[in-house]
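Coordinate analysis (summary)
Here's the letter readout for the chains.
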Amino acid sequence: MVDQKLLSIYLNDHLAGSTVGVELARRAAASNRGTRYEEFLEWLVQQIVEDKQSLVDLMERFGIKRDPLKQAAAWSLEKVGRLKLNGQLNGYSPLSRLVELEGLWTGVEGKLSLWRALLALPADADPRLDRAQLSRLEARGEEQGRRLEEHRNSAAAEALAA
């Protein structure tokens, strides 16, 4: 069986990360309206929102309550992250886009580690773990990572080329 207490901590940590991811993706999408990144970022926002809901559904299947302090801290952390320097006194720059895409890529990798950790449990560890769903979520995360990498490479060339 799965250790309920440890699973609760682990899933709440990932839910906090997911909160950061949703906020960051929405900010990136809003900042890239009218650019060649807009369509991809709108797709990614929807993907991340759906994946977060899958995590919430999993937590509910296990009777795990959301930790409001972790959620508030994650939301606040994302807002503080907006204060980073981007090579301009104010506004959005190509470096902003690159850093946001790298942050989103990091989040997707973290989400992949969650799905893979759950898949690594023995098949009979707990009947509430839907292995087929976890495999689908893993495949979605892999696609998100591939597409993020393509866009990150383009953003890097735009931001860092002389």
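Residues numbered from 1 in each chain as written. Predicted model: local features only at pLDDT ≥ 70, side-chain atom pairs only at ≥ 80, totals over all residues. Heavy atoms only, no water.

The rolling of a water-molecule-sized probe over the atoms marks out the regions of remaining empty space. Computed from the structure, the largest pocket encloses a volume of approximately 290 Å³. What lines the largest pocket is a set of 18 residues, and nearest its centre among them are His-14, Gly-17, Ser-18, Gly-107 and Lys-111. Ranked by residue count, the leading element in the lining of the largest pocket is helix 4 (residues 94-119), at 8 residues. Of the residues that constitute the lining of the largest pocket, the class distribution is 8 nonpolar, 7 polar and 3 charged. (1 Å grid on protein atoms, 1.4 Å probe; cavity = no way out; pocket = protein on both sides within 12 Å on 5 of 7 lines; lining within 4 Å. Points joined across faces, edges and corners; volume = space filled by probe spheres on them. Helix = DSSP H or I, 4+ residues; strand = E, 2+ residues; numbered from the N terminus. Nonpolar A, V, L, I, M, F, W, Y, C, P; charged D, E, K, R; others polar.)

Mapped onto the secondary structure, Asn-32 falls in the loop between helix 1 (4-31) and helix 2 (38-61). Side-chain polar atoms of Asn-32 contact the backbone oxygen of Ala-28, separated by 2.7 Å. Side-chain polar atoms of Asn-32 contact the side chain of Arg-97, separated by 2.6 Å. Look past the residues within four positions of Asn-32 in its chain and what remains in contact with it is Tyr-37, Glu-38, Leu-41, Tyr-92, Arg-97 and Glu-100. (Polar contact = N/O pair within 3.5 Å; in protein donor to acceptor, adjacent residues only side chain to side chain. Contact = heavy atoms within 4.5 Å.)

Here the structure, examined in full by the defined rule, presents 1 aromatic pair. In this structure, Arg-147 packs its charged tip against the face of Trp-43, placed 4.0 Å from the ring centre. (Phe/Tyr/Trp six-rings, centres within 6.5 Å; stacked < 30°, edge-to-face > 60°. Lys NZ or Arg CZ within 6 Å of the ring centre and 35° of its normal.)

It is worth spelling out the packing of helix 2 against helix 4 at this point. One can describe the packing of helix 2 onto helix 4 by two numbers: an axis separation of 12 Å at closest approach and a directional angle of 30°. What the angle tells us is that helix 2 and helix 4 run roughly parallel. Helix 2 and helix 4 meet at a crossing whose hand is left-handed. Where helix 2 approaches helix 4, its residues Phe-40, Leu-41, Leu-44, Ile-48, Asp-51, Leu-55 and Leu-58 are matched on the opposing element by Leu-101, Leu-104, Lys-111, Leu-114, Trp-115 and Leu-118. Tallied by class, residues from the contact of helix 2 with helix 4 come to 11 nonpolar, no polar and 2 charged. (Axes fitted to C-alpha atoms, helices over the stretch in contact; angles between N-to-C directions. Parallel < 35°, antiparallel > 145°, perpendicular 65-115°, else oblique. Left-handed = near helix turned anticlockwise from the far one by under 90°.)

Time to look at the confidence of the model for the chain. When pLDDT is averaged across the chain, the result is 90; 88% of the residues are at 70 or more. At the level of individual helices and strands, the chain shows its lowest average pLDDT in helix 3 (residues 68-81), which scores 69, and its highest in helix 2, which scores 98. (pLDDT = per-residue confidence, 0-100.)

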